[in-house]
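Report on the structure
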Amino acid sequence: MANTVADVEAALDAAGLKNQHVREYVKYWAEHTGAERVEVVSAADDARLISEALEAGELLPAGEGLYYSRSYFKDTARSEERTIVATNNPADAGTYNNWRPAAEMTALQKENMRGAMAGKTMYVIPYLMSQPASPLERFAAGVQVTDNRPVVLHMIRMARVGVEYIENLQDPNSFVRAVHVTGDLPNLGQGTPDDKRYFVTVADERTILHFGSSYGGNALLGKIAHGLRQAAYDGWASGQFLSEQFMLIGITDKQTGRKYHICGGFPSASGKTNLAMMLAPDDLGDRYHVEFYGDDIAWLWVGEDGKLYAMNPEFGVFGVAKDTNETTNPTALGSIQPGSGAIFTNVAYNPQTQEVWWEGRTKNPPSPVDGWLDWKGNPIADREPGNTEPWAHPNSRFTTTLSKVPNIASDFEEPQGVPIDAIIFGGRTRDREPLIRAITDLAEGVYDGLTLGAEATFAAEGVDGQLRYDPMSMRPFMSYPEAAYAAHWLKIVGAAKDKPIFAHVNWFQRGEDGRFLWPGYRDNLRPLLWLMQLKNGEVSGVETPVGILPKKDELDLTGVQVTPEDLDRILSIDVARWRQEMGFREEHLKQFDGLPEEIWEAHRRVAAALDAAK
Ligand code: GDP
Ligand code: PGA
Ligand code: MN
Ligand code: MN
């Protein structure tokens, strides 16, 4: 039986949800989707919802206060080509935002969603994508409705969830309407010409309409669709801030007492979470401490004191499981301990022992294999000999809250944000990009972000290993034209009186034999410390056409596993290879009509310097 308006009113009353605009929105979608009942959730409902999900088999127990979930096997990553940013203005069409008219996409999604919650509960999730009282709080409130209980449980971990976040809005209508309908996953034609999935942000109406997935990157609307796409659009439309796919860390030098803050963009599955959770390497641990602020999203603005500030709008971590272990990322393991409430998705699972495992968790998979199931739920023991398919999906994830992260910054809940010293860009690039190259000029820094080229990864559907341009790592989240995006960057960061230093980093250069030339992980602190020393004028580096590189003896490499030949490779520039790259960049930038002249000038300066180089 479908709900009646009286039932919905009663559910809203029971939850103390009084905001009339929210009530109207909820009533509309309850009616439209034909949901059987409506339930408003707050973070305090977590334990009850967990029990219900365990009872229903949506979650499986994975140890004390730990949970396992499996998504439909064709629903394991963000789907970029099904993702659309719609508005009412055709001039908003850019290269990567897949622009479509708002009216067309709204009509299509309403048709997809009509009656689609029949027989189901519609959960109402009021949330806030910021610390309460942050200067950007007015862009941060939203209400997700969803028919999927595990999605609710993920949202409770990833965002601040509760009725209180939408009851006292300065403008009671200023919340993002975020509608999520899972759809009939086995019958959506994922990846076929008849694909029925659409992930739409109607940016100028602050409305998100996602249909056809329960995977986190498509279904946690506060995080990806609001926190990145909608917020980037809002930041541009208001002229006030940037929203970027950035990690955000603090580095304290205990000897001098100075604290630095660095944020930066790397495409999905390229090391943001690991960098943010990084512990200082053993030899540097007495002097430096790295603090976690954020691992996937940062909002940046210029404060009243003229400094560039950043904050993480999220409340949790949705981290890649693969290769997470005691050596690579002890902090991540610390954040998913028994009792943490962490949820594992699409890893391997043993229902008999309630253990989970993923590739790289230990050197070898568990043995004997009795009881172990791969991420699709198939027994490992039934595998044909020689079957080398991974046990866990390469994009399998853990979800936990920020407060569970051992190196979480003590002031992560403070609303004022942190002043930014450096902005870094990076990605998986097997050649050309050195370990680090610093850029001191703003336009050249923005140019560098716009020409970020990296290998595709498993976090989005597509080809793994193929190089593609991903401006500022925002390609999947771009919500307005790239030329305007570049201009907005120059405007916001240009307004800061202390400019951050920029850098491009690459932890992923490989030898001919395919091995990584740089050990990465905790050792990544070393090039970042060099960058801070460069900014402070304590080291000078080597000028190259594409930025300043560290001199070998300027990096503290105590105990680092890297051969002198490999070090030469990752600290030098292959001029011929870079000249070739400049042609590709020119083609890439030409797609963006009306790109600011400063960006073209930066491009020409770099090209001329490369031409003049030996
Ligand atoms: P994110 O999606 O950008 O947050 O990336 P993650 O930090 O989750 O890392 C994605 C994958 O890259 C994981 O499998 C990591 O183990 C691996 N990874 C992260 N940092 C490094 C590094 O410095 N070196 C190497 N070789 N792999 C890394
Ligand atoms: P990631 O976050 O960047 O850590 O992979 C999730 C995503 O971008 O889909
Ligand atoms: Mn991301
Ligand atoms: Mn991450």
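Residues numbered from 1 in each chain as written. Chains lettered and ligands numbered in written order. Predicted model: local features only at pLDDT ≥ 70, side-chain atom pairs only at ≥ 80, totals over all residues. Heavy atoms only, no water.

A short note on the overall build of the chain
When helices and strands are counted, the chain shows 16 helices and 30 strands. A compact globule built from 614 residues would reach a C-alpha radius of gyration of about 25 Å, and the chain, at 24 Å, matches this within 12%. Here the C-alpha coordinates of the chain stretch approximately 75 × 60 × 50 Å along the principal axes. Relative to its full complement of 614 residues, the chain shows a buried share of 60%. Long-range pairs, those at least 24 residues apart, make up 75% of the contacts in the chain with a sequence separation of at least 6. A total of about 22,900 Å² of accessible surface is found on the chain, and carbon and sulfur atoms cover 50% of it. Each charge sign in the chain was given a centre, from 60 positive and 85 negative side chains, and these centres are 2 Å apart. (Helix = DSSP H or I, 4+ residues; strand = E, 2+ residues; numbered from the N terminus. Rg over C-alpha atoms; globule rule 2.2 N^0.38 Å. Buried < 20%, exposed > 50% of the residue type's maximum accessible area, 1.4 Å probe, protein only. Contact = heavy atoms within 4.5 Å. Areas by Shrake-Rupley, 256 points an atom, 1.4 Å probe, with all protein chains shown as cover. Lys, Arg positive; Asp, Glu negative; His and termini not counted. Charge placed at Lys NZ, Arg CZ, Asp CG, Glu CD.)

Observations concerning the nonpolar core
Met-122, Trp-299, Phe-344, Ile-423, Ile-424, Trp-489 and Leu-531 are the most contacted members of the largest nonpolar core, which totals 193 residues. Ala-348, Trp-357, Trp-372 and Trp-391 belong to the second largest nonpolar core, which has five residues in total. (Core = buried A, V, L, I, M, F, W, Y, C linked by side-chain atoms within 4.5 Å.)

Comments concerning the packing of helix 1 (residues 5–14) against helix 2 (residues 20–33)
When two helices pack together, their arrangement is captured by the angle between the axes and the distance separating the axes. Where helix 1 meets helix 2, the closest approach of the two axes is 10 Å, and the angle between their N-to-C directions is 140°. Considering their axes alone, helix 1 and helix 2 lie oblique with respect to each other. Remark: the crossing between helix 1 and helix 2 carries right-handed chirality. Contacts from Val-5, Val-8, Glu-9, Leu-12 and Asp-13 in helix 1 reach Arg-23, Val-26, Lys-27 and Ala-30 in helix 2. Its residues assigned to classes, the contact of helix 1 with helix 2 shows five nonpolar, no polar and four charged. (Axes fitted to C-alpha atoms, helices over the stretch in contact; angles between N-to-C directions. Parallel < 35°, antiparallel > 145°, perpendicular 65-115°, else oblique. Left-handed = near helix turned anticlockwise from the far one by under 90°. Nonpolar A, V, L, I, M, F, W, Y, C, P; charged D, E, K, R; others polar.)

Focus on the coordination of the manganese ion (ligand 3)
Taken together, the protein ligands of the manganese ion (ligand 3) are Gln-245 (OE1) and Asp-296 (OD), with distances of 2.0 to 2.1 Å. In this structure the manganese ion (ligand 4) is found 5.6 Å away from the manganese ion (ligand 3). Taken together, the positions of Gln-245 in the loop between strand 12 (242–244) and strand 13 (246–253) and Asp-296 in the loop between strand 15 (288–294) and strand 16 (298–302) put the pair 51 residues apart, joining distant regions of the chain. Each member of the pair, Gln-245 as well as Asp-296, carries the same accessibility label: buried. (Donors = N, O, S within 2.8 Å, 3.2 Å for Na, K, Ca; no water.)

Digging into the environment of Leu-402
The residue Leu-402 is located in the loop between strand 22 (397–401) and strand 23 (418–419) in this model. A relative accessible area of 1% places Leu-402 in the buried class. Placed 10 residues apart in sequence, Leu-402 and Phe-412 show a C-alpha to C-alpha distance of 8.7 Å. Here Leu-402 is in contact with Phe-292, Tyr-293, Asn-312, Glu-314, Phe-315, Gly-316, Val-317, Ile-408 and Phe-412, once residues within four sequence places are set aside.

Observations concerning the confidence of the model for the chain
Per-residue confidence for the chain averages 96 on the pLDDT scale, and 98% of its residues sit at or above 70. Here the prediction assigns the complex a pTM of 0.97, and the interface score ipTM is 0.99. (pLDDT = per-residue confidence, 0-100.)

A word on the site of ligand 2
Lining the immediate environment of ligand 2, one finds Arg-78, Gln-245, Ser-268, Ala-269, Lys-272, Thr-273, Asp-296, Arg-397 and Phe-477. Within the contact set of ligand 2, an oxygen atom lies 2.9 Å away from a side-chain nitrogen or oxygen of Asp-296. Separating an oxygen atom of ligand 2 from a side-chain N or O atom of Arg-397 is a distance of 2.7 Å. Starting from 270 Å² of accessible surface for ligand 2 in isolation, the protein chains cover 98%. (Near = heavy atom within 4 Å. Polar contact = N/O pair within 3.5 Å; in protein donor to acceptor, adjacent residues only side chain to side chain.)

Topic: the site of ligand 1
Lining the immediate surroundings of ligand 1 are 18 residues, of which Ala-269, Gly-271, Asn-274, Arg-428 and Tyr-521 lie closest. One of the side-chain N or O atoms of Arg-428 is found 2.7 Å from an oxygen atom in ligand 1. In the environment of ligand 1, an oxygen atom lies 3.0 Å from a nitrogen or oxygen atom belonging to the side chain of Asn-524. Out of a free accessible area of 570 Å², ligand 1 has 95% covered by protein chains. No other element matches the three residues that helix 9 (residues 272–276) contributes to the shell around ligand 1. Residues that form the shell around ligand 1 fall into these classes: seven nonpolar, seven polar and four charged.

Quick look at the UniProt feature "binding site: GTP" (unreviewed entry) in the chain
The residues that UniProt annotates with the feature "binding site: GTP" (unreviewed entry) are Ala-269, Ser-270, Gly-271, Lys-272, Thr-273, Asn-274, Arg-397, Arg-428, Tyr-521, Arg-522, Asp-523 and Asn-524. The annotated residues occupy 256 residues of the chain and do not converge on a single region, their most distant C-alpha atoms lying 23.5 Å apart. Within the secondary structure, Ala-269 sits in the loop between strand 14 (258–265) and helix 9. Tracing the backbone through its elements, the reader meets Thr-273 in helix 9. Judged by its relative accessible area of 13%, Thr-273 is buried. (UniProt positions renumbered as here; feature names shortened; annotations may be inferred.)

Points about the sheet that holds strand 12
The sheet built from four strands is open, its strands ordered 12-16-17-23 with antiparallel pairing. Only two strands of the sheet have a single neighbouring strand rather than two, namely strand 12 and strand 23. One ladder, built from three bridges, connects strand 12 with strand 16; its direction is antiparallel. For Ser-243, the partnering residue across the bridge sits in strand 16 and is Trp-299. The sheet contacts of helix 8 (residues 222–238) involve strand 12 and strand 16, and relative to strand 12 the element is tilted by about 150°. Along the sheet, helix 12 (residues 482–494) makes contact with strand 12, strand 16 and strand 17 (308–311), crossing strand 12 at roughly 115°. (Pairing = 2+ DSSP bridges.)

Notes on the sheet that holds strand 18 (residues 316–320)
Taking strand neighbours across the sheet as the criterion, the five strands line up as 2-3-19-22-18 in an open arrangement whose pairing is mixed. Each edge of the open sheet carries a strand with a single partner, namely strand 2 (60–61) and strand 18. Sheet topology note: the strand 19 (residues 343–345)/strand 22 ladder contains three bridges and is antiparallel. Across the sheet, residue Thr-345 finds its bridge partner in strand 22, namely Arg-397. In the packing of helix 5 (residues 149–158) onto the sheet, the strands contacted are strand 3 (67–69), strand 18, strand 19 and strand 22, and the crossing angle to strand 22 comes to about 55°.

A look at the packing of helix 3 (residues 46–55) against helix 5
Put simply, helix 3 and helix 5 touch, their axes get as near as 10 Å, and they point 150° apart. Between helix 3 and helix 5 lies a crossing of left-handed hand. Facing Asp-46, Leu-49, Ile-50, Glu-52 and Ala-53 of helix 3, the residues of helix 5 in contact are Arg-149, Val-152, Leu-153, Ile-156 and Arg-157. Across the contact of helix 3 with helix 5, the residue classes break down as six nonpolar, no polar and four charged.

With respect to the side chain of His-588
With respect to the element layout, His-588 can be found in helix 15 (residues 575–590). The class for His-588 is buried, based on a relative accessible area of 4%. Setting aside chain neighbours within four positions, we find His-588 in contact with Tyr-96, Leu-450, Thr-451, Tyr-469 and Pro-471.

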